[in-house]
Amino acid sequence: MLEPSQNVLPQGLIQSLKGLTGFDEAAFVKVHSFGATDVHSIRLNPVKPCINLEQRLADSLHANGVVPPPRITMQSIPWESQGYYLNERPFYTFDPLFHAGSYYVQEASSMFLGWALKQLIDSNASIRALDLCAAPGGKTTLLQSYLNNQSVLVANEVIKSRAAILQENITKWGAENVVVTNNDPQHFKKMEGYFDLIVVDAPCSGSGLFRRDPDAIKEWSEDAVQLCSQRQQRILSDILPSLKENGCLIYSTCSYSKEEDEAICDWLLEEMNCENVPLEVPSNWGVVTTESGKGAIGYRFWPDKVQGEGLFLACFRCKQPNFFTEGKKKKPTIGLSKQEIALVQNWVKDAGEYEYQKTEDLILAMTPTVAAVVEELKSGGLYIKQAGIAVGKSTGKEIIPDPALALSGLNSEHTVVVTLKHRQALQYLSREDMTDFWHDFEVQMACDGDEMQTQTKKQALKAKKGWALVAYKGRNLGWVKLLSNRLNNYYPKEWRILKKPVF
Ligand code: SAM
C-alpha cells in the first residue's frame, strides 16, 4: 500500500493516459492513493495439490507472531482456474508449501496470459515455446502448466542474477520439460523458425506496478517511456526470426503508455509481418479491449476496473519464413559410466524413459524431447543454465541427490520419506540442525509390495540409514541424510530462510 508521501503520480503520466479507452482519471488516482485496498493473489501448481491451504496460510501468519491468525479465504480469479485472491497477505516465508512449489505468488492480472494461451494453443499438440524475458518466472510457471509433457518450454533471462532466481523458481515448480537459458535476445539468431510460440513480457517503464512498487514512481519519465519503447522494438526484432511461420507471439507489458503498447502493436503489423489475433474476453471481467491506430486489438487492465495491477497484452500470428530444418539433431552426449547408469535407477522412477547427460559431475535427466531441444540450442550457441531435472552429483561410486530431484515428480517410490511438522519444516528450511526434533519425526519407507509404511524412528533406523526425502503435508522439501543419532540437513544454503519463526 502507498504511504501518504508516495501517492503522487507523475502528471506527465496522467496527461499521457487521457484519451485511452477506459482511462478514468479520478478512479485511477483514487486506487493509487493512501488507504486503497491491496490485492493479494496466488496461483496453484496443478501437479502439487495441497489440502486445506487456507489453514497453512493462516499458520504462516501465526509463525510470524500474529495471534490469533486471521481466517484466510480464497476466491477464484475469473480468467485463471488455478488463480485465487486472498483476503489477507500471508507470511509466505513461513509456509513450507510455498518453498515446496505448491503455489506461486503472482499478481492477478498477469495470470491473463493463461486465458490467451487457452485460445491460442492446442493443448494436445507438442510445441516448442520460448518465454524470452522470463525472470523471476511468474509467467513461465503459468505457461508451463498449459503445456503438455511432450512440449518443451525454454525460459530465458538476459540478466545473470535474475536468471538464478528464475532457475530457483522453476526448480521448485518441479517441471521436467523446462530449459533455462541466460542469453541476450540477439543470441537466438541461429534458431530461425524454431519456436511455435514466443512470449515477450517486455521490460517496460513499469507504471502498472506503481501501487506495489512506489519507488518505481520516481524512476518514471517521458524519456524512460521512449527508451523502453525503442528497447521493446529491438527485443522483438531480434527474436521474431526465431518464430515458425504462423507461430504465435504474445506481447505484454506492465506499462499503461501507448508508446509501449498500442504503438508496438502497430509496428508489429506494419513492419514485422504480424497479424493480430483478438481473444474472446467476457465483458463483465472489467478488462478493457483496446484498438491501436492500425486496428490491433489488445487488452488493458486498469486497477480501478479489475482486482489486479496494470497490464497490457496482445496476441499475434507472424509470417516468418521457416528456416529451421528438423532432423539435423545430434545424438545427445551421454557421458555416464555403466555404474552411474545403474546408480541412477535407484533414484529415478521410470528411469528408462529419460536420457541422461553429465555436466561437471551433475547428472541431468531429460525427456527425449528436452534432450533434443538442448542439443539444438547448444548448436545455436546458446548458454544453457538448467535443463530437465538434476538428479544429483556423481562421485563415481554414489550419487549425492540434488534438491531438484526432491522437488520433481521423478523420485523413486523406494526413497525413504521423513515427515515433518510445521515447526520442524521451518527449521529444516532454515538449514538448522535438526537434532532437537529427533524424537518425533515420522519416517515412511517402502516395504514389500511397494506400499509406504510408517515406522517409528528406531525401526526405521535399524532398517535404513542414508539419504531420505523431507516432506511437509505430503509435499517434498528436500533431502536429509539419516545417521545413527541425528540427521544432516542438506537444504541448499542459497535458498535457506533467514527469519526466525515466533512459535
Ligand atoms: N515474465 C516475468 C514474470 O512474469 O515473472 C517478468 C519479466 S520482467 C517484466 C522483464 C524481464 O526482462 C526482466 O527479467 C529483465 O531482466 C528482462 N530484460 C531486461 N532487459 C532486457 C533485454 N534487453 N532483453 C531481454 N530481456 C530483458
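Presented here is an overview of the structure given in this document. (Residues numbered from 1 in each chain as written. Predicted model: local features only at pLDDT ≥ 70, side-chain atom pairs only at ≥ 80, totals over all residues. Heavy atoms only, no water.)

1. Some details on the sheet that holds strand E1 (residues 40-44)
- Pairing is antiparallel across the open sheet formed by four strands, whose spatial order is E2-E3-E1-E4. Two strands close off the open sheet at either side, each with one partner strand: strand E2 (74-77) and strand E4 (103-105). Direction aside, neighbouring strands of the sheet carry axes that sit 35° apart on average.
- The pairing of E1 with strand E3 (residues 80-86) spans four bridges and is classified as antiparallel. Bridge pairing links arginine 43 to glycine 83 in E3.
- Packed on one face of the sheet, helix H6 (residues 138-146) meets E1, E3 and E4 and runs near 40° to E1. (Pairing = 2+ DSSP bridges. Helix = DSSP H or I, 4+ residues; strand = E, 2+ residues; numbered from the N terminus. Axes fitted to C-alpha atoms, helices over the stretch in contact; angles between N-to-C directions. Contact = heavy atoms within 4.5 Å.)

2. Structural notes on the nonpolar core
- One finds Val200, Leu249, Leu268, Phe316 and Val348 to be the most contacted residues of the largest nonpolar core, which totals 64 residues.
- In terms of residue count, helix H12 (residues 368-379) provides more of this core than any other element does, five residues in total.
- Apart from residues no more than four positions distant in its own chain, valine 200 is found in contact with Leu132, Cys133, Ile235, Leu236, Ile239, Leu249, Ile250, Tyr251 and Ser252.
- Core analysis: the next-biggest nonpolar cluster, separate from the first, contains 45 residues, Ile77, Tyr146, Tyr299 and Leu311 among them. (Core = buried A, V, L, I, M, F, W, Y, C linked by side-chain atoms within 4.5 Å. Buried < 20%, exposed > 50% of the residue type's maximum accessible area, 1.4 Å probe, protein only.)

3. Here's the deal with the state of the cysteines
- Under the criterion given, the structure shown has one disulfide.
- The partner cysteine of cysteine 274 in its disulfide is cysteine 318, sulfur to sulfur 2.5 Å. Its S-S torsion of about 100° marks the bond between cysteine 274 and cysteine 318 as right-handed, since a negative value means left-handed. Of this pair, cysteine 274 sits in strand E10 (residues 274-276) while cysteine 318 sits in strand E13 (residues 311-318), placing them 44 residues apart in sequence.
- Classification of cysteine 274 by relative accessible area gives buried; the value is 6%.
- Given the relative accessible area of 0%, cysteine 318 is considered buried. (Disulfide = S-S within 2.5 Å.)

4. Quick look at the site of the ligand
- Surveying the vicinity of the ligand reveals 17 residues, the closest of which are Cys133, Gly138, Glu157, Arg162 and Asp201.
- Note that an oxygen atom of the ligand is positioned 2.6 Å from one of the side-chain N or O atoms of glutamate 157.
- Contacts to the ligand include arginine 162, whose side-chain N or O atom sits 2.8 Å from an oxygen atom.
- Protein contacts shield 84% of the accessible area of the ligand, which totals 600 Å² for the unbound molecule.
- Broken down by secondary-structure element, the contributors of at least two residues to the shell around the ligand are H6 and helix H9 (222-239).
- Grouping the constituent residues of the shell around the ligand by class yields 10 nonpolar, two polar and five charged. (Near = heavy atom within 4 Å. Polar contact = N/O pair within 3.5 Å; in protein donor to acceptor, adjacent residues only side chain to side chain. Areas by Shrake-Rupley, 256 points an atom, 1.4 Å probe, with all protein chains shown as cover. Nonpolar A, V, L, I, M, F, W, Y, C, P; charged D, E, K, R; others polar.)

5. Some remarks on the pattern of salt bridges
- Tallied over the entire structure, the rule returns 17 salt bridges.
- The salt bridge partner of lysine 218 is aspartate 215, with a shortest N-O separation of 3.3 Å. One end of the pair is lysine 218 and the other is aspartate 215, both in helix H8 (residues 215-219) and three residues apart, which spans about a single turn.
- The exposure class assigned to aspartate 215 is partly exposed, which follows from its relative accessible area of 43%.
- Connected via shared salt-bridge partners are Arg211, Arg212 and Glu309. (Salt bridge = Lys/Arg side-chain N within 4 Å of Asp/Glu carboxyl O.)

6. Here's the deal with the packing of H6 against helix H7 (residues 160-173)
- Put simply, H6 and H7 touch, their axes get as near as 10 Å, and they point 35° apart. Where H6 crosses over H7, the two elements pack in a sense that is right-handed. Contact residues: Thr140, Thr141, Gln144 and Ser145 in H6; Leu166, Asn169, Ile170 and Trp173 in H7. (Left-handed = near helix turned anticlockwise from the far one by under 90°.)

7. Here we look at the side chain of serine 109
- For serine 109, the position within the fold is in the loop between E4 and helix H5 (112-120).
- Within the structure, serine 109 has its side chain in polar contact with the backbone oxygen of glutamate 309 (distance 2.7 Å).
- Every residue in contact with serine 109, bar those within four places of it in the chain, is listed here: Trp79, Phe301, Val306, Gly308, Glu309 and Leu311.

8. Thoughts on the packing of aromatic side chains
- This structure, assessed with the given rule, holds 20 aromatic pairs.
- Seen in terms of ring centroids, tyrosine 256 and tryptophan 302 are 5.1 Å apart; in terms of plane orientation they differ by 5°. Their pairing is stacked. Here tyrosine 256, found in the loop between strand E9 (243-253) and helix H10 (262-271), pairs with tryptophan 302, found in the loop between strand E12 (297-301) and E13; they are 46 residues apart in sequence, far enough to count as distant.
- Residue tyrosine 256 is classed as buried on the basis of its relative accessible area, which comes to 0%.
- A relative accessible area of 0% places tryptophan 302 in the buried class.
- When the ring of tryptophan 347 is compared with that of tryptophan 479, the centres are 5.4 Å apart and the planes differ by 85°; the resulting orientation is edge-to-face. Pair noted here: tryptophan 347 is in helix H11 (residues 338-347) and tryptophan 479 is in strand E23 (residues 475-482), with a separation of 132 residues, a long-range link. As far as the burial class goes, tryptophan 347 and tryptophan 479 line up, both buried.
- Taken together, the aromatic side chains of Trp79, Phe112, Trp115, Trp285, Tyr299 and Phe301 make up a single cluster linked through ring pairs.
- One residue, arginine 128, lies across the ring of tyrosine 194, its end atom 3.9 Å from the ring centre.
- Here the guanidinium or amino end of lysine 172 rests over the ring plane of tryptophan 495, the centre of that ring lying 4.7 Å away. (Phe/Tyr/Trp six-rings, centres within 6.5 Å; stacked < 30°, edge-to-face > 60°. Lys NZ or Arg CZ within 6 Å of the ring centre and 35° of its normal.)

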